[in-house]
Amino acid sequence: MNHALGACIESDNLDRFADLFPAEEPPSDSARPKARLNVDPEDEKNGLGQLVLTLVKLLHELLERQAIRRMEAGS
């Protein structure tokens, strides 16, 4: 099979497929809602603390498993 011909046919199919969907205009800056995220500093600290605690627990578990594997392997 001629690869150039295959690519041409595929391209034609994609163009016809794209014609099925109307082009949408992106919303103007004035029509876009202004998104704001109100974050309570206390909640932010608690979330960060939880993340650090979770990472420490994960590292502890990984190191513990690695030590057990090494002991069982005799190294």
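None of these values were measured; they are calculated from a predicted model.

1. Details of helix α2 (residues 41-73)
For α2, which comprises 33 residues, the first-to-last C-alpha distance of 48 Å matches the rise-based estimate of 48 Å (1.5 Å per residue) to within 8%. Gly74, located one to two residues past α2, shows a positive phi value of around 80°.

2. Focus on a negative patch on the surface
A surface patch of like charges, here negative, comprises Asp40, Glu42, Asp43 and Glu44. Positionally, Glu44 belongs in helix α2.

3. Observations regarding the pattern of salt bridges
One pass over the structure, following the stated rule, counts 1 salt bridge. Its salt-bridge partner being Glu61, residue Arg65 comes within 3.3 Å of it at the nearest N-O pair. Pair noted here: Arg65 and Glu61 are both in helix α2, with a separation of 4 residues, about one helical turn.

4. Thoughts on a nonpolar patch on the surface
A grouping of Leu48, Leu51, Val52, Leu55, Val56, Leu58, Leu59 and Leu62 is seen on the molecular surface, where their side chains present a nonpolar patch of about 740 Å² in accessible area. The residue Leu62 is located in helix α2 in this model. Judged by its relative accessible area of 45%, Leu62 is partly exposed.

What counts and how
- Residues numbered from 1 in each chain as written.
- Predicted model: local features only at pLDDT ≥ 70, side-chain atom pairs only at ≥ 80, totals over all residues.
- Heavy atoms only, no water.
- Helix = DSSP H or I, 4+ residues; strand = E, 2+ residues; numbered from the N terminus.
- Expected span 1.5 Å × (residues − 1).
- Patch = residues over 30% accessible without salt bridge, like charges linked within 9 Å, V, L, I, M, F, W, Y side chains within 5 Å.
- Areas by Shrake-Rupley, 256 points an atom, 1.4 Å probe, with all protein chains shown as cover.
- Salt bridge = Lys/Arg side-chain N within 4 Å of Asp/Glu carboxyl O.
- Lys, Arg positive; Asp, Glu negative; His and termini not counted.
- Charge placed at Lys NZ, Arg CZ, Asp CG, Glu CD.
- Buried < 20%, exposed > 50% of the residue type's maximum accessible area, 1.4 Å probe, protein only.

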